[in-house]
Amino acid sequence: MTDLKTSTGNGGETHQQASGDAPVLTTNHGVPVSDNQNSLRSGERGPTLLEDFVLREKIFHFDHERIPERIVHARGSGAHGVFEATDDISDLSMAAVFTKGEKTEVFVRFSTVAGGAGSVDTPRDVRGFAVKFYTREGNWDLVGNNIPVFFIQDAIKFPDLIHAVKMEADRAYPQAGSAHDTFWDWASLMPESTHMQLWAMSDRTLPRSLRMMEGFGVHTFKLVNAEGKASFVKFHWKPRLGIQSTIWDEALKLQAADNDYHRRDLWESIDTGAFPEWDLGIQVFDQAFADAQPYDVLDATKLIPEEDVPVRIIGTMTLNRNVDNFFAETEQVAFLPTNIVPGVDFSNDPLLQGRLFSYLDTQKSRLGTTNFHQIPINAPRCPMHNFQRDGMMQTQVPKGRANYEPNSLAAHGEDGGPRESLAGFATANAATGPDEQGDKLRIRAETFADHYSQARLFYRSQDAHEQAHIASSFVFELSKVGVLDQVPPRVVANLRNVDEDLAKRVADGLGIDLPKKAKAAKEPIDMAPSDALSIHKNMKPTLEGRSVGILIADGTDAAELDAVIKAVEAEKARAIIVAPKVGGAKLSDGTVRKADGQLAGSPSQIFDAVAIILSDAGCKALLKEGAAVQFAMDAFGHLKAIGASAAAKPLLDKAGVEADAGVTDLGKAFVAAAKHRFYDREPNVRTLA
Ligand code: HDD
C-alpha cells in the first residue's frame, strides 16, 4: 500500500514523503531524492547550480524521451493475447505453433500507414495487422495488412510509393491521407497499383473497429512438413465479430468526434472483458495449381479467390490483455518478416524478398541498437543462445570465453557454448518446385504483366452499394488533386481497363470527358466474381461488440429506458446513455440517471445504432439543441437504426428522418434493426457517383 505523508513547501507546492511501503523516489542511479519540486540553488533567489545532478538527470532523460517514429505505420495500437491451434496440420507444417491444442503467446499491433504517430485513427487508409507469435521454437512474425494485395510488385518501388502517399515534401500536408496530388500522380503512372487502388477506395479502408477487420499475410508463403515437403500458403485472419466498415461521411465525422476512436475501442473492449477474436485460416496449394492460374502466385498484387482455394481454419487468436506501457510495448515492438520458424518459409515473391532486408534495417534506426531483440516485448520466450556479442545497450552478461565456434573449450571443462541443430534445416532447403535460376537480370516475369483482371474481379464482386462507394471515393480523392490536371484523366484511363461503367461514373462525378483507354501491358480477362471479396455479402447481423447510444433528457420514461438497456445488453452490446448534461437527467419516476456522455461530445457517429427516448417536454427542449438534431440526422445519414419514443417524433422530423425499415419504435423491432445498416436508404440521403 502506498503511504504518503504530505507537506507543503515554501512555494505552496506539495511534497509527498515516502513512509511505510511506498517506494523511495530515486535518481536513475538509485540515490534518494529529497525534493522533486525545487532545483538546487545558491540562496533562495540565486542562480541554479550546475552540480544539481537530480535536475540535470531528470531534464536530460526527458529531452531524449522520443525515438524516431516508424517511416510507415507510425500510428498504431497494440495488445497481448494468445493463439490456440485448433486443427492438426502436421502433414503440411512441422511448426510447433500449429500443433493442435498448442497455446502460444502473441502480441498484435494494428496501424494506419500514412499518418504520423499522433495522427487520427479513422482516415481512409490501409490498416496494418502485425502479429508476433512467441513460439517455443522462436518468434514468428506475420506482418500483414487488412487488404490481401499490395500496391506494387517489387520492393524497389516501396520508397516511391511511400514518398508519394505521405504528406507532400515541401508543404508537409496532407496528414494521413492519399487524397492529394503526389499520391495520385504516382498511382496513375503505376498500372500495377490499380487492384489495390480499388481496395483502398472501398469501405475496407474505413473499418468500424480494429476488431472487425480481416487480416492477410498478403504474400504467398510456404509451409514445410517434417519430411521437408513444402506447400504454398496464404494466411487469413477472420474476425469473429464479422467484418464491418463505416461509410465515408461517418469516418470524416469520427475524426472530429474522437481522434482515438479505434485505439479507445480496442482498449475498452479488452478492459471490459469483451476480448476480440480472430480465426486463422490458410489457403494451401501446390505448384501445379500455381502453374494453372492466369496470374502469378508470387505477385503480391494478386489474391487467390476463396472460391478457388477455400480458407481452412486452423486456430484462434484472442486478445486478452492491454499493454502496461504504450512506449515500452507498442512503440518498441519490432516486427520482422524475417522472423519465421521451422515449418514456415518464404516464397520468391520479390516484394517479400525486399521486405526481408527493410525491417531488420529499420529497427536499428528506430531503436538505436542491434540489440533491440533484448527489449522485453521483442525477446523470444524460448531459450536463445549464440555467439553474437556486445553492441550498444547490451543487457546480457555472457560468461566465459566461448564467443566463437567451432571451439574445443568443453574438453577443458569450460562452457563451449551452443551448437547447431538440424531442426532448422528442413525449412531452409524446402523447395516447392524446380528452383528458378538463370542470368542476372533486372527484369519482371511476363506472368506479372496483367494489372487489371483482378481489379475487375474485385469491383464486380461488390454489391451495388459497394460499387457506388468505390466510384464516389475515386471522385472524392481525385477532386482533391490540385494543379496536376493530367492526373485524374490518367486514373480514369486506367479504370477503363477495369470496368467501363466505373470509369464513366468517375469521369461523370469529376465532370471530365471520358479519356482514351490506357494501353494495357496485357489485356484483362473476366474472372468469376468472388462473394468473399464483398463486405456486405459477409456482414454478420449482430449487435455483439457494438454500441448503442441512447439519447435521454429530463422527463424520459424510466421503464422504457431500462427496457432498451436490458435488450441491448442481452445482445452483448454496450448501452451508452447520452444526455444534455453529463450529470444526468431527471427521469419520469423522479430518479436521476447519470449519463455516460454529454450530448455535445457524444455525436451519433460513435455508435452503431441509436435510441432516442424523450418525453414531450424533453423533446421540445431538444428541438432547440443543434447537437440533438444532428444526433438524429447523422444516425439517419449514416444508415443506422433509429429507435424512438413517440414523443421524440418532432425531433426526428426536424432532423429529416424519414420512415423506413431502420426507423422503429423502442420494442423488439429496434434491437432487430440495430443489427443492420440500411444501405437502401443511402440514395435518399446523398448522391453517389
Ligand atoms: Fe511494411 C512496417 C505491412 C511492404 C517496409 N509494414 C509495416 C507494418 C506493417 C507492414 C503492418 C507495421 C509493423 C508494426 O506495427 O510495427 N508492409 C506491410 C505489408 C506489405 C509491406 C503487408 C506488403 C505486402 N513494407 C513493405 C515493403 C517495405 C516495407 C515492400 C520495404 C521495402 N514496413 C516497412 C518498414 C516498416 C514497415 C519501413 C516501418 C516500421 C517497421 O517496418 O518496423 O521497414
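Along every chain, residues carry numbers that run from 1 in the direction the sequence is written. Reporting of local features is limited, given that this is a predicted model, to residues whose pLDDT is at least 70; pairs of side-chain atoms are given and counted only at 80 or more, and all residues count toward the totals for whole chains, interfaces and linings. As a convention, hydrogens and water are excluded, and side-chain values are obtained from all of the structure's heavy atoms.

### Overview of the overall build of the protein
Helix and strand counts for the protein stand at 20 helices and 20 strands. The globule rule puts the C-alpha radius of gyration for 689 residues at 26 Å, and the 29 Å found for the protein is close to it. Dimensions of the protein, computed from C-alpha atoms along their principal axes, come out at roughly 95 × 85 × 55 Å. Scored against the burial criterion, the 689 residues of the protein give a buried share of 52%. Nonlocal contacts in the protein, meaning residues at least 24 apart in sequence, comprise 71% of its contacts between residues at least 6 apart. The positive count covers Lys and Arg only, the negative count covers Asp and Glu only, and His and the chain ends enter neither. To locate a charge, take atom NZ for lysine, CZ for arginine, CG for aspartate or CD for glutamate. Once the 74 positive and 94 negative side-chain charges of the protein are each reduced to a mean point, those two points are 2 Å apart. Numbering goes from the N terminus for both helices and strands, where a helix is a DSSP run of H or I of at least four residues and a strand is a run of E of at least two. Radius of gyration: C-alpha atoms only; globule rule: 2.2 Å multiplied by the number of residues to the exponent 0.38. Exposure categories follow from relative accessible area, calculated using a 1.4 Å probe and restricted to protein chains: below 20% of the type maximum is buried, above 50% is exposed, and the middle band is partly exposed. Contacts are residue-level and defined by heavy atoms, with any inter-residue pair within 4.5 Å sufficient.

### With respect to the coordination of the iron atom of the ligand
The protein supplies the iron atom of the ligand with one donor atom, Y359 (OH), which lies at 1.8 Å. Tracing the chain through its elements places Y359 in helix α9 (residues 350-367). Only nitrogen, oxygen and sulfur atoms qualify as donors, provided they sit within 2.8 Å of the metal or within 3.2 Å for Na, K and Ca; with water excluded from the atoms, sites may seem incomplete.

### Section: the site of the ligand
Taken together, the neighbourhood of the ligand is formed by 22 residues, with R70, R109, R355, Y359 and Q363 sitting nearest. By the criterion applied in these results, polar contacts are pairs of N or O atoms within 3.5 Å in which, for protein atoms, one can donate a hydrogen and the other can accept it, and in which residues neighboring in sequence qualify only through two side-chain atoms. Residue R109 places a side-chain N or O atom 2.7 Å away from an oxygen atom belonging to the ligand. At 2.7 Å from a nitrogen atom of the ligand is found a side-chain nitrogen or oxygen belonging to Y359. Elements that contribute at least two residues to the shell around the ligand include exactly β5 (127-135), β6 (138-145) and α9. Ranked by the residues each element gives to the shell around the ligand, the list is headed by α9, at six residues. Polar here means any residue outside two lists: the nonpolar Ala, Val, Leu, Ile, Met, Phe, Trp, Tyr, Cys and Pro, and the charged Asp, Glu, Lys and Arg; Gly therefore counts as polar. Its residues placed into classes, the shell around the ligand shows 11 nonpolar, eight polar and three charged. A single heavy atom is enough: if one lies within 4 Å of a molecule or strand, its residue is considered near that molecule or strand.

### Here we look at the pairing of strand β14 (residues 574-579)
Put simply, side chains in a regular strand alternate between the two faces of the sheet. Extensive coverage of β14 is indicated by the burial of five of its six residues. At least two DSSP bridges between two strands are needed for those strands to be called paired. Bridge analysis of strand β13 (residues 547-552) against β14 gives five bridges, and the strand direction is parallel. Residue pairing for β14: I550 is matched across the bridge by I577. Every crossover in which the path from the first strand over the helix to the second runs clockwise, viewed with the strands pointing away from the viewer, is termed right-handed. Since β13 and β14 lie parallel, the crossover through helix α15 (residues 558-570) that links them has a hand, and here it is right-handed. Taken together, the two bridges between β14 and strand β17 (residues 597-598) define a ladder with parallel strand orientation. Looking across to β17, one finds that V578 is bridged to G597.

### Focus on the nonpolar core
What we call a nonpolar core is a set of buried Ala, Val, Leu, Ile, Met, Phe, Trp, Tyr and Cys residues that are connected through their side-chain atoms within 4.5 Å. With 65 residues, the main nonpolar core has W184, F474 and V506 as its most contacted residues. Counting only elements with at least two residues in this core, the list comes to α2 (158-165), α3 (181-188), α4 (194-200), α7 (287-292), α11 (453-460), α12 (464-479), α13 (487-498) and α14 (500-510). A total of six residues in this core trace back to one element, the largest contributor, which is α13. Sequence-distant contacts of F474, defined by excluding residues within four places in its chain, comprise W184, Q197, L198, M201, V491, L495 and V506. Core analysis: the second largest hydrophobic core is formed by 36 residues, A85, W278, V344 and F346 among them.

### Examining the domain arrangement of the protein
In terms of domains, the protein is made up of domain 1 (4-63), domain 2 (76-171 + 203-374) and domain 3 (544-684). Bear in mind that the domain bounds are from an automatic or database domain assignment. For domain 1 versus domain 3, the separation of C-alpha centres amounts to 52 Å.

### A short note on the UniProt feature "binding site: heme" (unreviewed entry) in the protein
UniProt positions are given in the numbering used here, feature names are shortened, and annotations may be inferred rather than shown by experiment. When the UniProt feature table is mapped onto this chain, "binding site: heme" (unreviewed entry) is found at R70, R109, F158, R355, Y359 and R366. Looking at Y359, the relative accessible area reads 22%, which means it is partly exposed. Ignoring sequence-local partners within four residues, the contact set of Y359 consists of V143, F335, L336 and P337. As for its position among the elements, R366 is in helix α9. Setting aside chain neighbours within four positions, we find R366 in contact with I67, P68, E69, R70, E331, Q332, V333 and A334.

### Examining the pairing of β13
Of all six residues that make up β13, six are buried, and the element is covered over most of its length. Residue alternation in β13 divides its side chains into two sets, S547, G549 and L551 and V548, I550 and I552, and both sets are buried. Across five bridges, β13 lies against strand β18 (residues 609-613) in parallel orientation. Its bridge partner lying in β18, L551 is registered against I612.

### Topic: the sheet that holds β17
Read across the open sheet, the six strands follow the order β17-β14-β13-β18-β19-β20; overall the sheet is parallel. Both edges of this open sheet fall to β17 and β20 (663-664), since each of them pairs with a single strand only. With two bridges joining them, strand β19 (residues 642-644) and β20 adopt parallel strand pairing. Pairing of I642 across the sheet is with V663, part of β20.

### Overview of the pattern of salt bridges
Each reported salt bridge corresponds to a side-chain nitrogen of Lys or Arg within 4 Å of a carboxyl oxygen of Asp or Glu. Using the criterion set out here, one finds 40 salt bridges in the structure. The closest approach of N and O atoms between R574 and E268, which form a salt bridge, is 3.0 Å. On the criterion of sequence distance, the pair formed by R574 in strand β14 and E268 in helix α6 (residues 261-271) is long-range, its members being 306 residues apart. Here R593 and D562 are joined by a salt bridge, their closest N and O atoms 2.9 Å apart. Here D562 lies in helix α15 and R593 lies in strand β16 (residues 592-593), a separation of 31 residues in the sequence.

### Looking at α11
Within α11, seven of the eight residues are buried, leaving the element largely enclosed by the surrounding structure. Taken together, the buried positions of α11 are S453, Q454, A455, R456, L457, F458 and Y459. Against the buried residues of α11 lie α4, α12, α13 and α14.

### A look at the environment of H469
Along the polypeptide, H469 turns up in helix α12. For the pair H469 and L688, spaced 219 residues apart in sequence, the C-alpha separation works out to 7.1 Å. Among the polar contacts made by the side chain of H469, one reaches the side chain of E682 at a distance of 2.6 Å.

### What to know about the side chain of D52
Positionally, D52 belongs in the loop between β2 (14-20) and α1 (53-63). Among buried Asp, Glu, Lys and Arg side chains, D52 stands out as unpaired, with R56 the closest opposite charge at 7.0 Å. A distance of 3.2 Å separates the side chain of D52 from the backbone nitrogen of V54, its partner in a polar contact. Residues in contact with D52, not counting those within four places in the same chain, are S39 and L40.

### Re the packing of α3 against α13
Geometry is summarised by axes, namely lines fitted to C-alpha atoms with helices restricted to the contacting stretch, and by angles between N-to-C directions that run from 0 to 180 degrees. In contact at an axis separation of 9 Å, α3 and α13 are set at 40 degrees when each is read in the N-to-C sense. In this view, α3 runs oblique relative to α13, as classed from their interaxial angle. Once α3 is placed against α13, the crossing between them reads as left-handed. Between α3, through W184, D185, A187 and S188, and α13, the contact on the second element is made entirely by V487, R490, V491 and N494. Throughout, the term roughly parallel applies to angles under 35 degrees, roughly antiparallel to angles over 145, roughly perpendicular to angles from 65 to 115, and oblique to all others. Crossing handedness: left-handed means the near helix sits turned counterclockwise from the far one by under a right angle, and right-handed means the same turn made clockwise.

### With respect to the layout of surface pockets
Grid points spaced at 1 Å and placed over the protein atoms alone form the basis of the search, with a cavity being a set where a 1.4 Å probe fits but cannot get out and a pocket an open set showing protein on both sides within 12 Å along at least five of seven lines. Lining residues have an atom within 4 Å of a point. Grid points are joined across faces, edges and corners, and a volume is the space filled by probe spheres set on the points. In this structure, the largest pocket spans a volume of roughly 1600 Å³. Along the walls of the largest pocket sit 47 residues, with P383, M384, H385, N386 and Q388 positioned nearest its centre. For the lining of the largest pocket, the element with the most residues is helix α10 (residues 425-429), which contributes three residues. The residue inventory of the lining of the largest pocket, partitioned by class, reads 19 nonpolar, 19 polar and nine charged.

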